[in-house]
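A structural walkthrough
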Amino acid sequence: MSAPQRFVQIVDFETDRIDEMRALAEEGEQRLAGRPDGPTRRLVLKDRSRPNRYLVVIEFDSYEEAMRNSDDPETGKFAERMASLCTRTPSFTDCDVEDTTEFK
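The notes below deal with the structure included here. (Residues numbered from 1 in each chain as written. Predicted model: local features only at pLDDT ≥ 70, side-chain atom pairs only at ≥ 80, totals over all residues. Heavy atoms only, no water.)

Another aspect to go through is the overall build of the protein chain. Within the protein chain one finds 3 helices and 4 strands. Taking 13 Å as the expected radius of gyration for a compact globule of 104 residues, we find that the protein chain reaches 14 Å, a close match to that expectation. Here the C-alpha coordinates of the protein chain stretch approximately 45 × 35 × 25 Å along the principal axes. Across the protein chain, the fraction of contacts at a sequence separation of at least 24, relative to all contacts at a separation of at least 6, is 76%. Of the roughly 7400 Å² that the protein chain leaves accessible, carbon and sulfur atoms contribute 50%. (Helix = DSSP H or I, 4+ residues; strand = E, 2+ residues; numbered from the N terminus. Rg over C-alpha atoms; globule rule 2.2 N^0.38 Å. Contact = heavy atoms within 4.5 Å. Areas by Shrake-Rupley, 256 points an atom, 1.4 Å probe, with all protein chains shown as cover.)

Now for the sheet that holds strand β1 (residues 7-14). The pairing of strands in a sheet happens through backbone hydrogen bonds and is either parallel or antiparallel. The strand order across the open sheet built from 4 strands is β2-β3-β1-β4, with neighbouring strands paired in antiparallel fashion. Only two strands of the sheet have a single neighbouring strand rather than two, namely β2 (41-46) and β4 (91-96). Taking the axes of each pair of neighbouring strands and ignoring which way they run, one obtains an average angle of 15° across the sheet. Sheet analysis places β1 next to strand β3 (residues 53-60), joined by 8 bridges and oriented antiparallel. Residue pairing for β3: Q9 is matched across the bridge by I58. (Pairing = 2+ DSSP bridges. Axes fitted to C-alpha atoms, helices over the stretch in contact; angles between N-to-C directions.)

Once that is clear, we can look at the pattern of salt bridges. It is possible for side chains bearing opposite charge to pair when their charged atoms get close. For the structure shown, the criterion picks out 13 salt bridges. The partner of R22 in a salt bridge is D19, and the shortest N-O contact between them spans 3.5 Å. Of this pair, R22 and D19 are both found in helix α1 (residues 18-32), 3 residues apart, which corresponds to roughly one turn of the helix. The exposure class assigned to R22 is partly exposed, which follows from its relative accessible area of 48%. Through salt bridges with shared partners, a single ionic network connects D12, E14, D47, R50, R53 and R88. (Salt bridge = Lys/Arg side-chain N within 4 Å of Asp/Glu carboxyl O. Buried < 20%, exposed > 50% of the residue type's maximum accessible area, 1.4 Å probe, protein only.)

Now for the nonpolar core. By size, the foremost hydrophobic cluster in this structure holds 14 residues, and its most contacted members are V11, F13, M21, V56, I58, F60 and M82. The set of elements that each furnish at least two residues to this core consists of β1, α1 and β3. It is β3 that provides the largest number of residues to this core, a total of 4 residues. Beyond its immediate chain neighbours, meaning those up to four positions away, I58 contacts F7, V8, Q9, V11, P39, R41 and R42. (Core = buried A, V, L, I, M, F, W, Y, C linked by side-chain atoms within 4.5 Å.)

Another point: a negative patch on the surface. Taken together, the side chains of D94, D96, E98 and D99 define an acidic patch exposed on the protein surface. By the element assignment, D94 lies in strand β4. (Patch = residues over 30% accessible without salt bridge, like charges linked within 9 Å, V, L, I, M, F, W, Y side chains within 5 Å. Lys, Arg positive; Asp, Glu negative; His and termini not counted. Charge placed at Lys NZ, Arg CZ, Asp CG, Glu CD.)

Further remarks concern the pairing of β2. As paired elements, β2 and β3 share 6 bridges and run antiparallel to each other. Across the sheet, K46 pairs through a bridge with Y54, a residue of β3. Connecting β2 to the next strand, β3, in antiparallel fashion are 6 residues.

And the structure:
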């Protein structure tokens, strides 16, 4: 039996309140610490050509774990607070991880 396929969600948002967004993210990290179905990695990217645009890549061990995390009422509250700090509605892209390569 093969291992579950890793899953990534990409959150695309714009904000002019990035310091507040970072503080909110830190709160979320504390809430998720040690949860077995929480994210395994997060990567925050800042768009060089659009100064207030950010992309967050959140990795989970599987789609099922990501959905359990999404169904948590605390995740819904976090998403609402995040959206309130945005200058446009965030968009979400769900992706199955097909392949990864680490270059060192």
